[in-house]
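# Notes for the structure review
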Amino acid sequence: MLENESRCVEYLHEGEFKKAFVCFQGIVAAEPYNIFCRNQMGFLLFMNGQIEEALSVLGESLSIEPDNVDTLETLVGLLKDQGRDDERLSYLERLLELEPSNPKWYSGICWH
């Protein structure tokens, strides 16, 4: 993790969510392919109730790196929370393809 990313994460741990979002957003502006920061932005949007914006940011992450497990996992959680099971299951299936020995993905399918 880079120094700037570390500072953004510190904001998260301090409960400074707006500062964290702006921090991650600044990094993404300078480094558009920074998936870690994009994922953090998506999660923060989700936590702030901005569901469609979160889905958009996470979708951008997947368009850059389609096999990113962290992005897929975040999408699964967000979609589960929203009751969007058909979409959620497609991402779970992809996670199972990528990491067939990870028990978390099997538990996720059982929730359906």
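These numbers were taken from a predicted model, which means no experiment stands behind them. (Residues numbered from 1 in each chain as written. Predicted model: local features only at pLDDT ≥ 70, side-chain atom pairs only at ≥ 80, totals over all residues. Heavy atoms only, no water.)

## Some points on the packing of helix α5 (residues 69-81) against helix α6 (residues 85-98)
Their axes nearest at 9 Å, the elements α5 and α6 cross at an angle of 150°. One finds that α5 runs roughly antiparallel with respect to α6. Here the hand of the crossing between α5 and α6 comes out left-handed. Listed contacts from α6 to V69, L72, E73, L75, V76, L79 and K80 of α5 are E87, R88, Y91, L92, R94, L95 and L98. (Axes fitted to C-alpha atoms, helices over the stretch in contact; angles between N-to-C directions. Helix = DSSP H or I, 4+ residues; strand = E, 2+ residues; numbered from the N terminus. Parallel < 35°, antiparallel > 145°, perpendicular 65-115°, else oblique. Left-handed = near helix turned anticlockwise from the far one by under 90°. Contact = heavy atoms within 4.5 Å.)

## Quick look at the state of the cysteines
In protein structure, a disulfide is the covalent linkage between the sulfur atoms of two cysteines. By the definition in use, this model includes one disulfide. A sulfur-sulfur separation of 2.0 Å characterises the disulfide bridge that pairs C8 with C23. One disulfide, between C8 and C23, carries an S-S torsion of -80° and so falls in the left-handed class. On the criterion of sequence distance, the pair formed by C8 in helix α1 (residues 3-13) and C23 in helix α2 (residues 17-30) is long-range, its members being 15 residues apart. Grouping residues by exposure puts C8 and C23 together as buried. Lacking any disulfide linkage, C37 is separated from the closest cysteine sulfur, that of C8, by 5.6 Å. By relative accessible area, which is 0% here, C37 ends up buried. (Disulfide = S-S within 2.5 Å. Buried < 20%, exposed > 50% of the residue type's maximum accessible area, 1.4 Å probe, protein only.)

## Here's the deal with the packing of α2 against helix α3 (residues 35-47)
With their axes 9 Å apart at the nearest point, α2 and α3 run at an angle of 145° to one another. As for how α2 packs across α3, the hand of that crossing is left-handed. Every residue of α3 that contacts α2 at F17, A20, F21, F24, Q25, I27 and V28 is listed here: F36, C37, R38, Q40, M41, L44 and L45. Counted by class, the contact of α2 with α3 contains eleven nonpolar, two polar and one charged residues. (Nonpolar A, V, L, I, M, F, W, Y, C, P; charged D, E, K, R; others polar.)

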